[in-house]
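# A structural walkthrough
Chain by chain, the residues run as shown.
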Amino acid sequence: MISTRRFPMRRLAIGLVFVFAAVLGACDWRGPTPTEQLLTASTGPFAVSTLAVPTSAGFGGGTIYYPSTTPGPFAVVSLSPGFTESQSAIAGWGPRLASHGFVTIIINTSNPFIDPSQRSTEQRQALTYVVTQGQTSGSPIFGKVDGQRRGVGGHSMGGGASLISAQADPTIRAVMPMAPWNSSASFPGITSPTLILACQNDGIAPVGSHASPMYNSIPASTKKEYISVAGGDHSCANAPTGGGSAVGKFGVAFLKRFLDNDGRYDPWTCGASKPVAGGSLSEVRSTCPF
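A brief report on the enclosed structure follows. What you are looking at is a predicted structure, and each value in this text was computed from that prediction instead of being measured.

Once that is clear, we can look at the packing of aromatic side chains. Per the counting criterion, the structure on display carries six aromatic pairs. Taking 4.9 Å as the distance between ring centres and 55° as the angle between the ring planes, the aromatic pair formed by Phe 254 and Phe 258 counts as tilted. Pair noted here: Phe 254 and Phe 258 are both in helix α7 (residues 246-259), with a separation of four residues, about one helical turn. By relative accessible area, Phe 254 is classed as buried at 0%. Residue class for Phe 258 comes out buried when judged on its relative accessible area of 10%. Directly above the aromatic system of Phe 102 lies the positively charged group of Lys 256, at a separation of 5.4 Å from the ring centroid. Directly above the ring of Phe 258 sits Arg 257, whose terminal nitrogen or CZ lies 5.0 Å from the centroid.

Among the secondary structure elements, Ser 162 is positioned in helix α5 (residues 157-168). On the basis of relative accessible area, Ser 162 is assigned to the buried category, the value being 0%. With near-sequence residues (within four places) excluded, Ser 162 lies in contact with Gln 123, Val 152, Gly 153, Gly 154, Val 175, Met 176 and Pro 177.

The next point concerns the nonpolar core. Leu 79, Trp 93, Leu 97, Phe 102, Leu 197, Leu 255 and Leu 259 are the most contacted members of the largest nonpolar core, which has 36 residues in total. Residue assignment for this core shows that the elements contributing at least two residues are β3 (74-80), α3 (93-98), β4 (102-107), β6 (174-178), β7 (194-199), β8 (224-229) and α7. Broken down by element, this core gets its largest block of residues, nine residues, from α7. Residues Leu 51, Leu 127, Val 130 and Ile 196 belong to the second largest nonpolar core, which totals 34 residues.

With six of its six residues buried, β7 lies for the most part within the structure. Side chains Thr 194, Ile 196 and Ala 198 project from β7 onto one buried face, and the interleaved Leu 195, Leu 197 and Cys 199 project onto a second face that is buried too. With two bridges connecting them, β6 and β7 associate as parallel partners. For Val 175, the partnering residue across the bridge sits in β7 and is Thr 194. Two strands pair when backbone bridges link them, and β7 and β8 are joined in this way by six bridges, in the parallel orientation. If you follow Thr 194 over to β8, its bridge partner there is Lys 224. The parallel pair β7 and β8, bridged by helix α6 (residues 211-217), forms a crossover whose chirality is right-handed.

Reading the values: rules and limits
Residues numbered from 1 in each chain as written. Predicted model: local features only at pLDDT ≥ 70, side-chain atom pairs only at ≥ 80, totals over all residues. Heavy atoms only, no water. Phe/Tyr/Trp six-rings, centres within 6.5 Å; stacked < 30°, edge-to-face > 60°. Helix = DSSP H or I, 4+ residues; strand = E, 2+ residues; numbered from the N terminus. Buried < 20%, exposed > 50% of the residue type's maximum accessible area, 1.4 Å probe, protein only. Lys NZ or Arg CZ within 6 Å of the ring centre and 35° of its normal. Contact = heavy atoms within 4.5 Å. Core = buried A, V, L, I, M, F, W, Y, C linked by side-chain atoms within 4.5 Å. Pairing = 2+ DSSP bridges. Right-handed = clockwise from strand over helix to strand, strands pointing away.

Shown next as structure tokens:
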């Protein structure tokens, strides 16, 4: 005689398998378990290659940095430089992010004097360009780009542009402005997780009229962080080594958490190793826990 008592348990076990599979499917983990040493190292776990982008791409061209020896797809990040700057001003972020599992484009704008609104347009054009390249057979990044997982960031006017981009396109999953500048500091429409990297002694985009009110204007319901580098000038976050490597550590962790949905990085966003004021950081705010 076959007992029917086991069927509910069997159904429960099958159900748990499907739930577990769904949870894993929602994650896009890339790389080893993070550690403090990994996040503060000069490079991440993946080998990196570059791909030059011509000006004919529709913005000002630039460079794509991508994990070269690891199968994708990876999230894509578009970074814009500031007023009068070229891609070289923030080039250090390219290999750092790519070595942690992001296809990263650092753009030149079509004109170094364009305003944040136009930079936002070109920043998003660059995202589309990279996604298209990822779908193009014969491209070095074919199959390496997940167009559903997109992030933006940038320095100064490029940082202001990234906030404009996030407000215009809520499907952007993560935003990382660096010493952001914009004529308006109001961004109440942003729902995407946002990390603002500010510079305490910024004389070009003073935190009191730019980074701080920008952060405050983003709804409290949005997952957001504000990190200010102690004594930092306007370029304090142009490289991931800024703030004694704090900006690189927390920047990578934030993007991993929200572009890869990788909960292993929680300690560096809202957990035990999260940013705290003191030492290289003058101020930290967030809507933790998230």
